[in-house]
Amino acid sequence: MLDTIDSEVKPCENFFEHACGNFGKGTQTFNNFDENEELSQLIEYEEIPPFLYNRQDRFKFFVNNRHEFRTKTGIILKDLYDLCKTAENLNKRHLWYRLLNEIPFLATDRGWLMKWPFLRFQWLEFKIELNLDWILLAAEFAAHGFNTFLEVFFVENTVFVGPNENIICPNLEEIINDLKPLLYRERNIQIAYIIANELSTFCRQLNGQISSSMEIATIETDAELFKQQILDKYFHRYFLSLNFSDINLVNSRKVTIRLRRLNEIFIILQATDDRIIYNFILWHMMRKLHITDCFNLIENFENLLITEYWNWHVFEARINRDVALAMYLFHTTRFQKYRRKILLSNQWDRFLSRKLERKDFNIERSIKSYARDYLNPGNISTHYESFDTKTFTFYSLLLKIKCLHMRSAFFKPYTDDEDVNNSYYFLKEFLHFSILILYRPLIHYYATMAYDMWRQSSLLYQTDTFYTVYDCLQRQRALQLYADEYDERLYEIVIEEEAKDIYKFYASFIAILEDYRFWLEGENFSITEDFILEYFKLDSSRVMFYAAAQQYCNRNDHLFSRIINRSFMNMPEFHEAFNCSDDAAMNPQFKCMTNIFPN
């Protein structure tokens, strides 16, 4: 934070330029960024230093601490990541060879599949000697977590079946480039063009990008029988591969979703040659198994990672779990403020009644209750039976974990990661918070949900209020024209959308600033906080302004400098924190929004 501040630019003259003046110039965080091989892949993301409460923290924490994992699921994920690094960014030819060698149900037909993709004469020849059944092939991949035409997922004794609407159809040239490396020297390159055209047409039909032909329309009457025959064979292999018992299936609910679209897909399958469908499945799976970001793969199993983190092996040398949980509870000041307000009011009876009705009102109890029921290593081991990961290759281990991961979902209730009424949401936020305080303790108190609140706040949409603010911002510029030193960068004309952004940022920042002050004063942490900040030549009244501005450094500076400057120049809290003089550029005599948000 301090490395980024430009001391030559005064905060009361242009705060955004002051806060971002030395951004990326010689800071230790940025210098080490390219040198670290593990972090270099993150350059493609928009998360540019100074990082906040984001993916980079979690990635770095996982990479640095994965060898200390002790739970069964944690060790599995560690080994999966290590193996993934050997397969990352394989070219298409080497990838195909690895898939044939490492995936058991492909390895049995490896000799024949080396001649894939199949033309018509090959298909007719091979089909005599092999059981090249696209239904069984699709079912095997689906049972190991990679769907083709159907989307099947489980929620506690319930099986949902619907069409897979996440099939991505690349352009024809991309498909050709996928197939070219697979052709041996004796095979004509023209084969890639022929099969790519078939795959492209079929893929676009599945996505509804091109309409069904008249030929398809003539077979609709037989589609229901065809569909039932496919489903019977498909699910027989599917549940067999998932090792479900007959009792599991008999007692479960079966729910079909998006039935109309599902029927359309089966009509297309019925009208398409089996060879094309078989080629399509292998090509589609090859694309899905082309891993280019190993940590992104690990994030797909975040609930397993959270199980490892909750057991605290990687944290225990640095911070006690109860202490971290207490810090997180202090951090959730809106919850704490509401609770105290009720406790000190005459509404205690009503509060007690609601508390009894809502069992998860206490965040700490909610987190611990969820962890006890669903993150106990003993409970998880019933779904992740013992196996030696050292005997697996990357793709065999990936498919094994995917299969166990899907199977375990059948025995657990569904959890929405983003539902704030769900205990899992608070558990995940707490563990992410714990990672943050180990990496950047200086800003942990505001980082959790601040960005979302500032950019997605719905506090604005009251028409009279908005137009009052919009008119005020325009008049503020007009009055500033008469000042002796007029800085046009600070007082640009704002259009309505820009005024909305300024208003939302102002409203959300004021709310968060109030929370921060409440947290300091209510918990008697202010003395400790200022003692730490003094070492960095900061204080608790200024650090929030810096932290907010530096989220946006080098992110469309022209836009965000307007939002930051026009918001802060209208805040008495800003002028007080930075002792702005009456004639400072960031301290206009005529201010907006102060009457809308009482201090």
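Structure's up top.
Residues numbered from 1 in each chain as written. Predicted model: local features only at pLDDT ≥ 70, side-chain atom pairs only at ≥ 80, totals over all residues. Heavy atoms only, no water.

Read across the sheet, three strands follow the order S1-S2-S3 without closing on themselves; strand pairing throughout is mixed. Strands with a single pairing partner mark the edges of an open sheet, and in this sheet they are strand S1 (150-154) and strand S3 (253-256). Ignoring strand direction, the axes of neighbouring strands in this sheet form an average angle of 20 degrees. Pairing of S1 with strand S2 (residues 158-163), which is carried by five bridges, proceeds in the antiparallel orientation. Following the sheet pairing, Glu151 is matched in S2 by Gly162. Strands S1, S2 and S3 of the sheet are contacted by helix H16 (residues 259-270), whose axis makes an angle of about 60 degrees with S2. (Pairing = 2+ DSSP bridges. Helix = DSSP H or I, 4+ residues; strand = E, 2+ residues; numbered from the N terminus. Axes fitted to C-alpha atoms, helices over the stretch in contact; angles between N-to-C directions. Contact = heavy atoms within 4.5 Å.)

The final tally for this structure, using the stated rule, is 21 salt bridges. Asp133 serves as the salt-bridge partner of Lys233, at 2.8 Å between the closest nitrogen and oxygen. Residue Lys233 is found in helix H14 (residues 223-241), and its partner Asp133 is found in the loop between helix H9 (120-129) and helix H10 (134-143); the two are separated by 100 residues along the sequence. The shortest N-O distance in the salt bridge between Asp178 and Arg287 comes to 2.5 Å. Of this pair, Asp178 sits in helix H11 (residues 172-179) while Arg287 sits in helix H17 (residues 274-288), and the two are 109 residues apart along the sequence. Residue Asp178 is classed as buried on the basis of its relative accessible area of 4%. (Salt bridge = Lys/Arg side-chain N within 4 Å of Asp/Glu carboxyl O. Buried < 20%, exposed > 50% of the residue type's maximum accessible area, 1.4 Å probe, protein only.)

Buried together is how nonpolar side chains tend to be arranged in soluble globular proteins. Of all hydrophobic cores here, the largest spans 127 residues; its most connected members are Phe141 and Tyr238. Each of domain 2 (52-71 + 297-397 + 416-440) and domain 3 (89-290) accounts for three or more of the residues forming this core. Apart from the residues within four sequence positions on either side, Tyr238 is in contact with Ala139, Ala142, Ala143, Val152, Phe154 and Met406. (Core = buried A, V, L, I, M, F, W, Y, C linked by side-chain atoms within 4.5 Å. Domains from an automatic or database assignment.)

Bringing the packing of H11 against helix H12 (residues 190-206) into the picture now. Interaxial distance between H11 and H12 falls to 9 Å at its minimum, and their mutual angle equals 130 degrees. One finds that H11 runs oblique with respect to H12. With respect to the hand of their crossing, H11 and H12 are arranged in right-handed fashion. Contact with H11, carried on its side by Leu172, Ile175, Ile176 and Leu179, involves Ala192, Tyr193, Ile195, Ala196, Asn197, Leu199 and Ser200 of H12 and no other residues of that element. Along the lines of polarity and charge, the residues of the contact of H11 with H12 split into nine nonpolar, two polar and no charged. (Parallel < 35°, antiparallel > 145°, perpendicular 65-115°, else oblique. Left-handed = near helix turned anticlockwise from the far one by under 90°. Nonpolar A, V, L, I, M, F, W, Y, C, P; charged D, E, K, R; others polar.)

Burial within S2 is extensive, with six of its six residues counted as buried. With antiparallel pairing between neighbouring strands as the criterion, S1 and S2 make up a hairpin whose turn holds three residues, including Glu156 at a positive phi of roughly 35 degrees. Both S2 and S3 contribute to a ladder of four bridges, which runs parallel. Across the sheet, Val159 pairs through a bridge with Lys254, a residue of S3.

What follows concerns the state of the cysteines. According to the stated counting rule, one finds five disulfides in the structure shown. Put simply, Cys169 and Cys203 are joined by a disulfide, and their sulfur atoms are 2.0 Å apart. Judged by the sign of its S-S torsion, about -95 degrees, the bond between Cys169 and Cys203 is left-handed. In this pair, Cys169 is assigned in the loop between S2 and H11 and Cys203 in helix H12, connecting sequence segments 34 residues apart. (Disulfide = S-S within 2.5 Å.)

Applying the stated criterion across every chain yields a total of 56 aromatic pairs. Between Phe410 and Phe411, the ring centres sit 5.2 Å apart and the planes meet at 85 degrees, which makes this aromatic pair edge-to-face. Aromatic side chains Phe574 and Phe578 sit 4.9 Å apart centroid to centroid with 40 degrees between the ring planes, which places their arrangement in the tilted category. One end of the pair, Phe574, and the other, Phe578, are both in helix H33 (residues 572-578), four residues apart, so they sit about a helical turn from each other. You'll find Phe574 and Phe578 in the same group, each marked buried. Members of the aromatic cluster, joined through ring pairs, are Phe59, Phe61, Phe62, Phe69, Tyr81, Phe295, Tyr309, Trp310, Trp312, Phe315 and Phe430. Lying over the aromatic face of Trp310, Arg321 brings its terminal NZ or CZ to 4.0 Å of the ring centre. One cation-aromatic arrangement involves Lys402 over Phe146; the distance from NZ or CZ to the ring centre is 5.1 Å. (Phe/Tyr/Trp six-rings, centres within 6.5 Å; stacked < 30°, edge-to-face > 60°. Lys NZ or Arg CZ within 6 Å of the ring centre and 35° of its normal.)

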